[in-house]
Structure formats: structure tokens, C-alpha cells
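Residue-level structure breakdown
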Amino acid sequence: MCFEGQSGWDLRRWKELQAVLSSPIQGWSINNADAVNYYRPTTQFIPVFGLKDYLWPIRSSDLVVNPNLVQNPYW
């Protein structure tokens, strides 16, 4: 099996990757001088993964060569 044991491809195939990658990434605030504030989890960034990201775009040159092709949704 080509992608056996790689959960990212399984989540993409099962259409569950959007729920996993849309949760905020948390980490420690390393800019605080006080130890009390240093170890508090803070949101570093919120990744963006939508329905558009499940399918990759088809190159424009391929669409010109074959008029039967249709661009993937949201691209």
C-alpha cells in the first residue's frame, strides 16, 4: 500500500481533514518574562483548510488541450 500508515491521506480520503486542520494551533507564549505567563497555552494561528483544498486545480494548458475537462470546484 502506497500511503499506508499516513493519516493525512486517510483523513483526506474520508473527508475529515477539514475538521482536523481547522482547529487552532496552540503553543506557549515565549515573549513573556514571567514564568507564570510563559507556560499558558495561547493560540498561535488558525489554519485555513476548506472544501477547495480537497481537490487540486487542473492546469489551464490541460483544459485548453482537452475541452471535455472541467475545472475542479472552487478553483
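Each remark here, short or long, concerns the structure printed above.
Just so it is clear, the structure is predicted and the values come from calculations on it, not from any experiment.

Definitions and cut-offs
Residues numbered from 1 in each chain as written. Predicted model: local features only at pLDDT ≥ 70, side-chain atom pairs only at ≥ 80, totals over all residues. Heavy atoms only, no water. Buried < 20%, exposed > 50% of the residue type's maximum accessible area, 1.4 Å probe, protein only. Phe/Tyr/Trp six-rings, centres within 6.5 Å; stacked < 30°, edge-to-face > 60°. Helix = DSSP H or I, 4+ residues; strand = E, 2+ residues; numbered from the N terminus. Lys NZ or Arg CZ within 6 Å of the ring centre and 35° of its normal.

**Observations concerning unusual backbone geometry**
Phi is positive for lysine 15, close to 60°, though the residue is something other than glycine. Residue classification places lysine 15 among the exposed residues on the basis of a relative accessible area of 58%.

**So, the packing of aromatic side chains**
Describing an aromatic ring pair means giving the distance of the ring centres and the angle of the ring planes. A complete count under the given rule lists 4 aromatic pairs for this structure. Measuring from centroid to centroid gives 4.9 Å for tryptophan 28 and tyrosine 39, while their planes differ by 85°, and the two rings are edge-to-face. Of the two residues, tryptophan 28 is situated in strand β1 (residues 25–28) and tyrosine 39 in the loop between α3 (35–38) and β2 (41–45); the sequence distance between them amounts to 11 residues. Take tyrosine 39: its relative accessible area is 52%, and that puts it in the exposed class. Geometrically, the ring pair formed by phenylalanine 49 and tyrosine 54 is edge-to-face, given 5.2 Å between the ring centres and 90° between the ring planes. We classify phenylalanine 49 as buried; its relative accessible area is 11%. Tyrosine 54 sits in the buried class, given a relative accessible area of 11%. Site record: aromatic cluster; members linked through ring pairs are Trp28, Tyr38 and Tyr39. The aromatic ring of tryptophan 75 is capped on one face by lysine 52, whose charged end is 4.2 Å from the ring centroid.

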